[in-house]
Amino acid sequence: MQLNEIIKDAALMLGKEDIVKYLDSLNQDEDYDDGYDDEYDDWYEEEENWEEIYGDGEFGASAGEDSLDKVNLMVNLANLVINELACTYLPLITEEQMTFSNGKAYYKDFKKKAVKILKVYNLFGQEVDFDDKTEYVLVQSNGNQSLIVEYQYSPDNYALEDEIGYTEKDISARVIAYGVASEVCISEGAFDLAVMHHKRFVDEIALLTMPKNTKIKQRSWR
């Protein structure tokens, strides 16, 4: 899922129509094709007197900048929530093929920020003993060897249109949006609303992290 899906869901929860419209306009801009060739586009961009003829559109620009500021705040808060999720509730886990040189694969060479090494195995699927050091993961090997490393990682700071580490199979955008909505309310001093959205967030997380065999509806005894 993309971060903008989460931001839009949170904005809808909070009734922030300006942000919803702003995000929708970004999607429309991406899909828009003016039907003219590049030569016309270049000429249009180079023309210097458009502002003199049509004005500078200060009102529209001001409204857009205000919405952009709000969206940027929500992006920062969404990253905060995702980081909390990854560190506390739903670890982000990936696999990566690494080249071990003299038994070492340095964390700085991993594509993501490794937090914990879970498994190391060879290309035939056989697990390999390893030692988790401060700067590298160590196996018993001489020379160069390709091994698969499964590890937990810390999420990046995602931009608005980035794909985040979670998919809808892991957790829905709506659930993460509850957390974002709560953080937005805190930033605006709306603490009662913040508590309400946070409760929804943690309740949904509790359901997601509950062992499968305990999700059976409890019998009502009378």
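Residues numbered from 1 in each chain as written. Predicted model: local features only at pLDDT ≥ 70, side-chain atom pairs only at ≥ 80, totals over all residues. Heavy atoms only, no water.

Now for the overall build of the chain. The number of helices and strands found in the chain is seven helices and six strands. When the elements of the chain are put in sequence order from the N terminus, they spell out α-α-α-α-α-β-β-β-β-β-β-α-α. Within the chain, buried positions represent 32% of all 222 residues. Excluding contacts between residues fewer than 6 apart, the proportion of contacts in the chain whose partners are at least 24 apart in sequence is 75%. (Helix = DSSP H or I, 4+ residues; strand = E, 2+ residues; numbered from the N terminus. Buried < 20%, exposed > 50% of the residue type's maximum accessible area, 1.4 Å probe, protein only. Contact = heavy atoms within 4.5 Å.)

Here we take up the nonpolar core. Judged by nonpolar contacts, the single largest core of 48 residues is most densely connected at Tyr166 and Ile176. Secondary structure elements with two or more residues in this core: α1 (3-13), α2 (17-31), α5 (58-89), β1 (92-101), β3 (113-121), β6 (144-154), α6 (173-187) and α7 (191-209). Among all residues touching Tyr166, those that are not within four sequence positions of it are Met1, Ile82, Leu85, Ala86, Leu90, Leu92, Ile171 and Ile176. (Core = buried A, V, L, I, M, F, W, Y, C linked by side-chain atoms within 4.5 Å.)

When you line up the elements, Asn4 lands in helix α1. With sequence-adjacent residues up to four places away left out, Asn4 is seen in contact with Leu23, Asn27, Leu160 and Glu161.

What follows covers the pairing of β1. Side chains Leu92, Thr94, Glu96, Met98 and Phe100 of β1 all project onto a buried face; the interleaved residues Ile93, Glu95, Gln97, Thr99 and Ser101 project onto a face where none is buried. As paired elements, β1 and β6 share ten bridges and run antiparallel to each other. Paired with Glu95 across the bridge in β6 is Glu150. (Pairing = 2+ DSSP bridges.)

As enumerated under the stated definition, the model contains three aromatic pairs in all. Taken together, the ring pairs connect Tyr107, Phe110 and Tyr151 into an aromatic cluster. One residue, Lys108, lies across the ring of Tyr106, its end atom 5.6 Å from the ring centre. (Phe/Tyr/Trp six-rings, centres within 6.5 Å; stacked < 30°, edge-to-face > 60°. Lys NZ or Arg CZ within 6 Å of the ring centre and 35° of its normal.)

This part is about unusual backbone geometry. Here the phi dihedral of Asn102 falls at roughly 50 degrees; this positive angle occurs in a residue that is not glycine. Tracing the chain through its elements places Asn102 in the loop between β1 and β2 (104-106). Taking the relative accessible area as the measure of exposure, Asn102 reaches 52% and is therefore exposed.

Another aspect to go through is the pattern of salt bridges. Side chains carrying opposite charge are able to pair once their charged atoms draw close together. Evaluation of the coordinates by the stated rule reveals eight salt bridges. Taking the shortest distance from any N to any O, the salt bridge between Asp109 and Lys108 comes out at 3.5 Å. For Asp131, the salt bridge identified is with Lys133, shortest N-O distance 3.1 Å. The class of Lys133 is partly exposed, set by a relative accessible area of 34%. In this structure, a network of salt bridges that share partners links the residues Asp18, Asp66 and Lys70. (Salt bridge = Lys/Arg side-chain N within 4 Å of Asp/Glu carboxyl O.)

With that settled, the discussion passes to α6. Helix length check: α6, at 15 residues, gives a terminal C-alpha distance of 21 Å against a target of 21 Å (1.5 Å per residue), a fit within 8%. Summarising burial for α6: eleven of the 15 residues are buried, a large majority. Following α6 by one or two positions, Gly189 has its phi on the positive side, about 80 degrees. (Expected span 1.5 Å × (residues − 1).)

Below, the discussion takes up the side chain of His197. Along the chain, His197 falls in helix α7. Taking relative accessible area as the criterion, His197 reaches 3% and is therefore assigned buried.

Before going further, it helps to spend a moment on the packing of α1 against α6. At their nearest, the axes of α1 and α6 sit 8 Å apart, and the two run at 60 degrees to each other. Put simply, α1 runs oblique to α6. In this structure, α1 meets α6 at a crossing whose hand is right-handed. Between α1, through Ile6, Asp9, Ala10 and Met13, and α6, the contact on the second element is made entirely by Ala173, Arg174, Ile176, Ala177, Tyr178, Val180 and Ala181. Split by residue class, the contact of α1 with α6 holds nine nonpolar, no polar and two charged. (Axes fitted to C-alpha atoms, helices over the stretch in contact; angles between N-to-C directions. Parallel < 35°, antiparallel > 145°, perpendicular 65-115°, else oblique. Left-handed = near helix turned anticlockwise from the far one by under 90°. Nonpolar A, V, L, I, M, F, W, Y, C, P; charged D, E, K, R; others polar.)

Any functional reading would require information that these geometric values do not contain.
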